[in-house]
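Observations on the model geometry
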Amino acid sequence: MNFQKQNAKPRVLSGRDVTAILGPTNTGKTHLAIERMVAHGTGVIGLPLRLLAREVYSRVVAKVGEQNVALVTGEEKISPPGARYSVCTVEAMPRETDAAFVAIDEVQLAADLERGHIFTDRILHLRGRQETLLLGAGTMRGILEKLLPGLSVITRPRMSVLSYAGSRKITRLPRRSAIVAFSSDEVYAIGELIRRQRGGVAVVLGALSPRTRNAQVALYQSGDVDYLVATDAIGMGLNLDVDHVAFAQNRKFDGFQYRDLNPAELGQIAGRAGRHLRDGTFGVTGQVDPLSDELVHRIEAHDFDPVKVLQWRSAAFDFSSVDALKASLDVTPPVEGLTRALPAADAKVLEFLSRDGDVRALADARERVALLWDACALPDYRRIAPAHHAEIVGAVFSDLARTGHVDEDYMAEQVQRASSTEGDIDTLSQRIAQIRTWTFVSHRPGWLADATHWQEKTREIEDSLSDALHERLTKRFVDRRTSVLMKRLRENAMPEAEISPVGEVLVEGHHVGEMLGFRFTADRSAEGEDARAVKAAAQKALAAEFETRADRFAASGNGDLALDSEGLLRWLGQPVATLVSGEEALRPRVVLLADEQLTGPARDKVAARAERFVNYQIESLLKPLVDLRDAESLSGMARGIAFQVVESFGLLNRRTVAEDVRALDQDARASLRRLGVRFGAYHIFVPALIKPAPAGLLTLLWALKNDAKDKPGYGDVVNALAAGRTSIVSDPAFEKAFYGLAGYRNLGRRAVRVDILERLADLIRPALSWKPGSGARPEGGYDGAAFVVTPAMMSILGATADDMEAILKGLGYRGEAKPAEEVATHLKSLDDAAAEKAAAAAPAAPAEAEAEAAAKTDDAPADAEKPAEAEAPAEEAKPEAEAKPEADAKPEVETPAAAEAPAEKAADEEEEPKPVMIWRQARFDGRKRQGGGKGNNQRQQGRGGRQERDGAPHRGKPNRSKDGDKQGFKRKGGAGRPREERPARIDPDSPFAKLAALKDQLKK
């Protein structure tokens, strides 16, 4: 009761020797206080944040030396022997001092609901022997003059202009901006957005440790990032190079409720824009509505409502008992202008512990009650529930009351829990808050048996956690590459570029993309400002690389270049050009794949080398077509045939040009043969092109001309050719032209290589040319005008009997089904008759046999074609199965399913023999006939048809052809119409000319 009466008496406070330096932000108040303090022999300065205390400590150390300055906060104490100056947080300031100078910064916080009573206590009671300065906002003038009569007030104007810049999108904020939000989730979301668009941000949160906040501020101050995302902590005197402050939120939780920021709070934060004499701006962003004109005017003019009352709590504690202590905290303010503060965290913990019987039993004396109150001052850094925090305080107090110090094992266990540096940002933040609790414990005098050890241990853990947290924040919110590149670009410095052998581009040691040929591809992870910075830095750094590469490419050998199936020209595997359709199929255009930086003579050199290589590829792989196209020795009909062969990419169906071929004389045929053209029974083609490389290039050129690279089957048929397939199952979905370009012809369900079809003609020819009674029946012979399919025929085609039916019909043969028994009987009779005749002619003299052979040679026409094997190019190796077409040979073809069926049936599965197909050349209907099979110019059996030349089926319908000058003409004539006889001219290169020469020698 006496205590309450004593505190109830009015107290007369004095402002004598106290000066208030008041004004808005950026007035130099803190700088003035530092200068005044070092002008005295001793001094103490109190600051609102540990972060700001660290900054001021560094500035004072720079002036008077480290040995003369102490740093005192709740969690850190640097106290050199003989230190004359102390830099403290307001909570850590002594209640009495003998220092000559005392300064308290940001005194407007005395109105804060949570911390205000501490500032009020220091303002009212802490004095320097010679000088006391109170630093703060102009809103404090009235209340300070009321509470401290005789106070001297000095107002200082702002050194720069603060103006409103309106509302802007976050991604459009200017450089050197601070974005303010009041929740960690919002701060993180803004940070990630700016990182993607602008390269990165620094993050300043109240929950961060001072070391982490210092590192983040240093990141921003150094210029590595141009944006800062922070809570209102930046409004508490932090000196930052901020040009613009943008409010992304204007509501906050003040510890009791969510509320809008008042104009003074907005002005305090906005005032951080501008530094010294540099003007600053403020505005809103995100979802915040534009500020009203009245509010803007008040912030720009620093015109805010004056502070009317300060938060107050009695500092005269009664430690006679726990209840007496609680009562002393409820005393009302002694003077007008002060209001009793709401219960603070320490009072809440005391209230909770006072209900614990064990605690009350231990707090049985004045010293124990004072010790309990000291324990209740342990800050709740983790912001956990008061009951949970009270449990920690109760454990600490119990140890102190029973043993005089906190239990070492308990301390070690708590510290160990917080020591791991693994985890995400939130996890590390929680561990830092936890270790700060025990750092505070380690710095309380007398609380630990080995305080020095635990101070070092907790400091080491907090530092490692802070560094890890800074690393996580930087990794999450800062793109180091972009920040470095943008900084170098702003400095107009030439970035250091390096290109690895595989084309990776490194600028200032950071991966920025790849250089493929003459194109730079920026890192795909770069977005927004990041992408622009990467591209700008790379272009600046690679300016000389294009010239160097152009010289190397122009001097490169053909072995360094390649043309792939997609039409891309590659240099050492990297694309440098692509082919597009030209006026002619064999003359495609070359389009460079190069950035705009490749210009002038360098680009011309690259283009010339690329075109030279493409022409070389076409002229070497497609030499027969190029020679046919450019042949000046051809004229007339031969030139027309050559033109059509080139237009059809080296493969003509002989039926389509039968009339033109018959019109060729032997000299013209010889000229075409020397140019690589082969006159086959079914096709006019160029054997040298039926190879993977030429076929692939032909397919590409045709696809370019016909815009068919995306059509089904592109490249698939060429792959089958490269695998050595003589026939393949045709896919109806494929573009049909792809088969012909690779040298295949679609016949039924299979596509067969045309050179293999000519080998089939070689097997059919003896069967059709044989006459009963003229000697032994050749394999497949039937009656001199027909043949049956043999295993050798199916073997070289890789076909089944069903496949053969479709193939032969496609080639122009007509099939007739006969009973198998009848066919077998007929063939046996022919073989028996041939055997009897052979036996009777056995004694014949060898000379007579030779004469008979020579006589047969005389019957061969002068323009007959040489065998397929004789015209095959020497360099084209034949598969073994093609060289030996025996029935049991295994060809390199796709094995049809039918061929894999068992060769023998079970004895009880007797089936009726299938009919046998007898094949003949197709008959003519009227004046038009169809036929196939090369027959050495024999006449159709049983018909008075015109003689077939060159083994090609005759088409009665006149044919229009073009010569090399693309001038068409029309042959007249029809089936059965006599043709003017022309003297036969023997091709000296023909094998039949050599047979004729052999005959002449035999006659001699």
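Throughout what follows, the structure given in this document is the object of discussion. (Residues numbered from 1 in each chain as written. Predicted model: local features only at pLDDT ≥ 70, side-chain atom pairs only at ≥ 80, totals over all residues. Heavy atoms only, no water.)

**Here's the deal with the overall build of the protein chain**
If you tally the helices and strands in the protein chain, you get 36 helices and 39 strands. Burial analysis of the protein chain (1004 residues in total) assigns 49% to the buried set. Within the protein chain, residue pairs in contact and separated by at least 24 positions form 70% of the contacts whose partners lie at least 6 positions apart. By element, 49% of the accessible surface of the protein chain is carried by carbon and sulfur atoms, the whole surface being about 46,900 Å². (Helix = DSSP H or I, 4+ residues; strand = E, 2+ residues; numbered from the N terminus. Buried < 20%, exposed > 50% of the residue type's maximum accessible area, 1.4 Å probe, protein only. Contact = heavy atoms within 4.5 Å. Areas by Shrake-Rupley, 256 points an atom, 1.4 Å probe, with all protein chains shown as cover.)

**Let's talk about the sheet that holds strand 24 (residues 568-571)**
The antiparallel open sheet is built from 4 strands, whose spatial order is 23-24-25-26. The sheet is open, and its two edges are formed by strand 23 (561-563) and strand 26 (587-592), each paired on a single side. When strand polarity is set aside, the average angle formed by the axes of neighbouring strands in this sheet is 30°. Where strand 25 (residues 574-584) and strand 26 come together, 5 bridges link them in antiparallel fashion. Within the sheet, the bridge partner assigned to Leu-579 lies in strand 26 and is Val-590. Sitting on the sheet, helix 20 (residues 543-554) touches strand 23, strand 24 and strand 25, and the angle it makes with strand 24 is about 100°. (Pairing = 2+ DSSP bridges. Axes fitted to C-alpha atoms, helices over the stretch in contact; angles between N-to-C directions.)

**Some details on the packing of aromatic side chains**
Enumeration over the complete set of coordinates arrives at 15 aromatic pairs. Here Tyr-188 and Phe-477 contribute two aromatic rings whose centre-to-centre distance is 5.6 Å and whose plane-to-plane angle is 25°, an arrangement assigned as stacked. Pair noted here: Tyr-188 is in helix 6 (residues 184-198) and Phe-477 is in helix 17 (residues 451-477), with a separation of 289 residues, a long-range link. On the basis of relative accessibility, which here comes to 6%, the residue Tyr-188 falls in the buried class. Seen from their ring centres, Phe-787 and Tyr-813 are 5.5 Å apart, and the 90° between their planes marks the pair as edge-to-face. One end of the pair, Phe-787, is in strand 33 (residues 786-787); the other, Tyr-813, is in strand 34 (residues 813-818), with 26 residues separating them in the sequence. Residues Phe-787 and Tyr-813 agree in their burial class; the two are buried. (Phe/Tyr/Trp six-rings, centres within 6.5 Å; stacked < 30°, edge-to-face > 60°.)

**Overview of the pairing of strand 25**
Summarising the sheet, strand 24 and strand 25 pair through 4 bridges and their orientation is antiparallel. By the bridge assignment for strand 25, Trp-571 is matched with Gln-574. As consecutive antiparallel partners, strand 24 and strand 25 are separated by 2 residues, and within that stretch Leu-572 has a phi angle of approximately 55°, a positive value. Where strand 25 hands over to strand 26, the hairpin turn is made up of 2 residues, counted between the paired strands.

**What to know about the packing of helix 15 (residues 408-417) against helix 16 (residues 425-442)**
A packed helix pair is summarised by two numbers, namely the angle formed by the two axes and the spacing between the axes. With their axes 9 Å apart at the nearest point, helix 15 and helix 16 run at an angle of 150° to one another. Taken together, helix 15 and helix 16 sit at an angle that is classed as roughly antiparallel. For helix 15 against helix 16, the interelement crossing comes out left-handed. Residues Tyr-410, Met-411, Gln-414, Val-415 and Arg-417 of helix 15 pack against Arg-431, Gln-434, Ile-435, Trp-438 and Val-441 of helix 16. When its residues are assigned to classes, the contact of helix 15 with helix 16 shows 6 nonpolar, 2 polar and 2 charged. (Parallel < 35°, antiparallel > 145°, perpendicular 65-115°, else oblique. Left-handed = near helix turned anticlockwise from the far one by under 90°. Nonpolar A, V, L, I, M, F, W, Y, C, P; charged D, E, K, R; others polar.)

**Brief notes about a nonpolar patch on the surface**
A cluster of nonpolar side chains, contributed by Leu-113, Phe-256 and Leu-342, occupies part of the molecular surface with about 240 Å² of accessible area. With respect to the helices and strands, Phe-256 occurs in the loop between strand 14 (251-253) and strand 15 (258-260). A residue is classified by how much of its surface remains accessible, and Phe-256, at 39% relative accessible area, is partly exposed. (Patch = residues over 30% accessible without salt bridge, like charges linked within 9 Å, V, L, I, M, F, W, Y side chains within 5 Å. Salt bridge = Lys/Arg side-chain N within 4 Å of Asp/Glu carboxyl O.)

**Digging into the pairing of strand 6 (residues 101-104)**
For a regular strand, side chains alternate in direction, first toward one face of the sheet and then toward the other. Residues Phe-101 and Ala-103 of strand 6 are buried on one face, and the alternating residues Val-102 and Ile-104, pointing to the opposite face, are buried as well. Relative to strand 6, strand 2 (residues 43-47) is paired through 4 bridges, and the arrangement is parallel. If you follow Gly-43 over to strand 6, its bridge partner there is Phe-101. Handedness of the strand 6-helix 4 (residues 116-125)-strand 7 (residues 131-136) crossover: right-handed. (Right-handed = clockwise from strand over helix to strand, strands pointing away.)

**What to know about helix 23 (residues 636-647)**
Given a rise of 1.5 Å per residue, 12 residues ought to cover 16 Å, and the 17 Å separating the end C-alpha atoms of helix 23 matches this to within 8%. Most of helix 23 is tucked away, with 9 of its 12 residues classed as buried. By the burial criterion, the buried members of helix 23 are Met-637, Ala-638, Gly-640, Ile-641, Ala-642, Phe-643, Gln-644, Val-645 and Val-646. Once helix 23 finishes, Phe-649 follows within two positions and takes phi at roughly 60°, a positive value. (Expected span 1.5 Å × (residues − 1).)

**Let's talk about unusual backbone geometry**
Apart from glycine, the bulk of residues carry a negative phi angle, and the bulk of peptide bonds sit in the trans form. Not every positive phi belongs to a glycine, and Asp-17 is a case in point at roughly 65°. Positive phi is not limited to glycine here, since Asp-707 has a value of about 50°. Its place among the elements puts Asp-707 in the loop between helix 26 (692-706) and helix 27 (716-722).

**Side note on the sheet that holds strand 33**
Sheet strands line up and pair through hydrogen bonds in the backbone, either parallel or antiparallel. Within the open sheet, the 3 strands sit side by side as 33-35-34. Their pairing is antiparallel. This sheet does not close on itself; its edge strands, each paired only once, are strand 33 and strand 34. Pairing analysis gives 2 bridges linking strand 33 to strand 35 (residues 916-921), with the strands arranged antiparallel. Paired with Ala-786 across the two strands is Arg-920, which belongs to strand 35. Contacting strand 33, strand 34 and strand 35, helix 31 (residues 801-810) runs over the sheet at an angle of about 15° to strand 35.

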